[in-house]
Amino acid sequence: MSTEPMPARGDDGRLDERSMHVLEFEARAWQEPGRKAEAIREEFGISAARYYRILGELIDSPAALRHDPMLVKRLQRMREARAATRAHRSLSIGRLLD
């Protein structure tokens, strides 16, 4: 069970300010992961790991999809591609051990 709060929504099902801020932040073009991690600490006051947990829950939110469908779909595709790469890498390592 996750201890992270779910992406916050108002009573009307819309995203709260923090959730919109996360999506706006994520929409920026980041060329260097180190700079992005620094900016996460500066803008949100949290670690990059916590930010990415919040973002992961947020992009699964129907409210986020309604708010910015193109961005959310892109982030979902990127997450799926990373998961597929990890799975492939795990399978490759398993074959080496056999």
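This text goes with the structure placed above it.
As a further point, take the nonpolar core. For soluble globular proteins, nonpolar side chains are generally found buried alongside one another. Ranked by internal contacts, the top residues of the largest apolar core, which has 20 residues, are Leu23, Ile40, Phe44 and Tyr51. Elements that contribute at least two residues to this core include exactly helix 1 (17-27), helix 2 (33-44), helix 3 (48-58), helix 4 (62-67) and helix 5 (69-97). Setting aside its immediate chain neighbours within four residues, Phe44 contacts His21, Val22, Phe25, Ala39 and Tyr51.

What follows covers the layout of surface pockets. Put simply, the largest pocket is a space of about 220 Å³. Glu26, Tyr52, Leu75, Met78 and Arg82 are the residues nearest the centre of the largest pocket, which is lined by 13 residues in total. If you list the elements that add at least two residues to the lining of the largest pocket, you get helix 3 and helix 5. Sorting elements by how many residues they give to the lining of the largest pocket places helix 5 first, with five residues. For the lining of the largest pocket, the residue count by class is six nonpolar, one polar and six charged.

Turning our attention to the pattern of salt bridges. Taken as a whole and assessed by the stated rule, the structure comprises four salt bridges. In this structure, the salt-bridge partner of Arg28 is Glu43, at a minimum N-O distance of 2.7 Å. Highlighted residues: Arg28 in the loop between helix 1 and helix 2 and Glu43 in helix 2, separated in sequence by 15 residues. Overall, Arg28 belongs to the partly exposed group, its relative accessible area being 38%. The exposure class of Glu43 is partly exposed, given its relative accessible area of 32%. Among the salt bridges present, the one from Glu32 reaches Arg35, with a minimum N-O distance of 3.7 Å. For Glu32, a relative accessible area of 42% puts it in the partly exposed group.

Reading guide: rules and limits
Residues numbered from 1 in each chain as written. Predicted model: local features only at pLDDT ≥ 70, side-chain atom pairs only at ≥ 80, totals over all residues. Heavy atoms only, no water. Core = buried A, V, L, I, M, F, W, Y, C linked by side-chain atoms within 4.5 Å. Buried < 20%, exposed > 50% of the residue type's maximum accessible area, 1.4 Å probe, protein only. Helix = DSSP H or I, 4+ residues; strand = E, 2+ residues; numbered from the N terminus. Contact = heavy atoms within 4.5 Å. 1 Å grid on protein atoms, 1.4 Å probe; cavity = no way out; pocket = protein on both sides within 12 Å on 5 of 7 lines; lining within 4 Å. Points joined across faces, edges and corners; volume = space filled by probe spheres on them. Nonpolar A, V, L, I, M, F, W, Y, C, P; charged D, E, K, R; others polar. Salt bridge = Lys/Arg side-chain N within 4 Å of Asp/Glu carboxyl O.

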